[in-house]
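# Chain and residue survey
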Amino acid sequence: MKMKSVYKVPDGKLIKIFLEYNLPVKTIKSITIAGDFFAYPEESIQQLEQLLQGKPLDEKKLETMIKDFVKDNQVEFIGVSPASITDAIMRCK
Amino acid sequence: MMTEEWRLLQTGFLSAAENMAIDRAVLVAHSKGYVPPTVRLYGWNPAAISIGYFQQLTEEVDLTACDEEHIDYVRRITGGGAVFHEDEVTYSFVINEKHPQISKNILESYKTICLAIMNGLDFLGVKSTYAPINDILVNNKKISGNAQTRKQKTVLQHGTILTDVDVDKMFRLLKVPNEKIKGKMIANVKERVTSLTHELGSDFSFEDVSNALKKGFEETFDVTFTDGMLTDEEKKLATSFQKTTFGSKKWNHQR
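Owing to the predicted nature of the structure, the values given are computational and were not obtained by experimental measurement. (Residues numbered from 1 in each chain as written. Chains lettered and ligands numbered in written order. Predicted model: local features only at pLDDT ≥ 70, side-chain atom pairs only at ≥ 80, totals over all residues. Heavy atoms only, no water.)

With that out of the way, let us pick up the interface of chain B and chain A. Contacts between the two partners involve 23 residues from chain B and, on the opposite side, 21 residues from chain A. Buried surface at the junction of chain B and chain A, both sides included, amounts to about 1800 Å², of which 54% is carbon and sulfur. Among the residues chain B hides against chain A, the three largest losses belong to Phe 54, Ile 106 and Arg 255 of chain B. Together they make up 34% of the total. One can count six salt bridges joining chain B with chain A. Taken together, chain B and chain A are joined by 14 residue pairs in polar contact (both at pLDDT 80 or more). Looking at the side of chain B that touches chain A, the elements that each hand over two or more residues are helix H2 (57-60), helix H4 (106-123) and strand S9 (141-151) of chain B. In terms of residue count, the dominant contributor to the side of chain B that touches chain A is S9 of chain B (six residues). When the residues that make up the side of chain B that touches chain A are grouped by side-chain class, the tally is eight nonpolar, ten polar and five charged. (Contact = heavy atoms within 4.5 Å. Buried area = accessible area lost by both parts, 1.4 Å probe. Salt bridge = Lys/Arg side-chain N within 4 Å of Asp/Glu carboxyl O. Polar contact = N/O pair within 3.5 Å; in protein donor to acceptor, adjacent residues only side chain to side chain. Helix = DSSP H or I, 4+ residues; strand = E, 2+ residues; numbered from the N terminus. Nonpolar A, V, L, I, M, F, W, Y, C, P; charged D, E, K, R; others polar.)

What follows is the structure in C-alpha cells.
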C-alpha cells in the first residue's frame, strides 16, 4: 500500500514522506524521506531510509530509532529533527 | 599577518549540469590542496531549475513544462529547496572547513558566508538582513537563497542573488502541493520575493553585482582576490562529474 505525507515542520523545513506499507506484516516496505531540509552528511538520509525498512509504524519506536541513528552516526539535521521526521512518517496516509 | 589571496572565478553563463559539475570540481580540487579558497560567480544558460539533494524531482518539477520552455533541470549536491535560475547572479564559495574564519558550527558558517553576500549588497546600496537558516531579505522580502554542503573536509556554499524575478513563469515550471490554492501561493510568493531590479531599477549590470559580491567577500574575510581560471585538473573533474552525475538521468531522477 502506497502512502504519502507532506509536513511543514514548525519553524523548520518541509518534509515529504513516500512510504510503501507492507499491510499483511504491518511494517514499512520502503520509505523515501524527501524535502527541502539539510542533513550532514547527506548520505545519512539514504542509510536512515534503509534502516527503517521492515520496521513497524510505531511512533515511539521510530523516534527512538531515528534519535539513536543520528547519535551513532553523528548526523546533523537543519530544519528537521528525529521528532519531526517521525511525526511526518506517522502522518502518512 | 599577510592578507590571504583567494581565487575569483568568473565562468559566465553555463548549463545546469556544467554549473553543478564545476562547483563540485572546485570542491574536490580545493580539498586536495590544488587550488586556494575560491569564489565563483556565474549564471545559467539556458535558464534552469535546481532541486535540493533530498527532493524528489518529479514531485517538485513539471518536466513537460521545462521541455516546452527549454528549461534545464538538475539535482544539487546541497540540500534545500527547488530554485528557478534565470535572472540572477549565482555564487559558489569553496573553503577548507578548518579555515580559522569558518565555524565548525554549520549554522554559524551559513551566517558568516551570508554576511559576505549582504556586505556585497551593501556596495550596491541595498540594505539586507539575514533570515536563518539560509535566506537573505531586503525589506522583509527574499532576495537570496543559499545552500551548504560539507564533503572531504571542505565547505561548499552556493546561492543566488535575484536580479529579476518572474513568479508566474516559476510556477509554470514548479509543481505545488495543492493545485487548488496555486493562485493564492503565486500571489503570496509575489509578496514575499524581491529582486535587485525591484529595489534599484534596471540601471545595473551582471558585472556590477559580481564586483559588489567580490568586494563583499574581501571585506568580510579580509582577503584579496586574484582573477583565476579553472585548472586543467578542475576542467577534467568537471567534465567527468557532468557526464557521470549532473548530466545523468540516474542522478537527477534518483529520488
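Anyway, onward from the coordinates.
Further remarks concern the packing of helix H1 (residues 16-31) of chain B against helix H9 (residues 232-246) of chain B. All names here are of chain B. At a minimum axis separation of 8 Å, H1 and H9 run at an interaxial angle of 125°. Of the possible angle classes, the one that applies to H1 and H9 is oblique. You can see that H1 and H9 cross each other, and the crossing is right-handed. Along its contact with H1, which presents Ala 17, Glu 18, Met 20, Ala 21, Ile 22, Arg 24, Ala 25, Val 26, Val 28 and Ala 29, the element H9 presents Glu 234, Leu 237, Ala 238, Phe 241, Gln 242 and Phe 246. Taken together, the residues of the contact of H1 with H9 break down into twelve nonpolar, one polar and three charged. (Axes fitted to C-alpha atoms, helices over the stretch in contact; angles between N-to-C directions. Parallel < 35°, antiparallel > 145°, perpendicular 65-115°, else oblique. Left-handed = near helix turned anticlockwise from the far one by under 90°.)

It is worth spelling out the packing of aromatic side chains at this point. Residues and elements named next belong to chain B. If you walk through the whole model with that rule in mind, you get 14 aromatic pairs over all chains. A centroid spacing of 5.1 Å and a plane angle of 55° characterise the contact between Phe 93 and Phe 217, whose relative ring orientation is tilted. Taken together, the positions of Phe 93 in strand S6 (residues 88-96) and Phe 217 in helix H8 (residues 206-221) put the pair 124 residues apart, joining distant regions of the chain. Among the residues examined, Phe 217 registers a relative accessible area of 0% and is labelled buried. Members of the aromatic cluster, each reached through a chain of ring pairs, are Trp 6, Tyr 91, Phe 93, Phe 217, Phe 221 and Phe 225. Just above the ring of Tyr 42 sits the side chain of Arg 40; from NZ or CZ to the centre is 3.6 Å. (Phe/Tyr/Trp six-rings, centres within 6.5 Å; stacked < 30°, edge-to-face > 60°. Buried < 20%, exposed > 50% of the residue type's maximum accessible area, 1.4 Å probe, protein only. Lys NZ or Arg CZ within 6 Å of the ring centre and 35° of its normal.)

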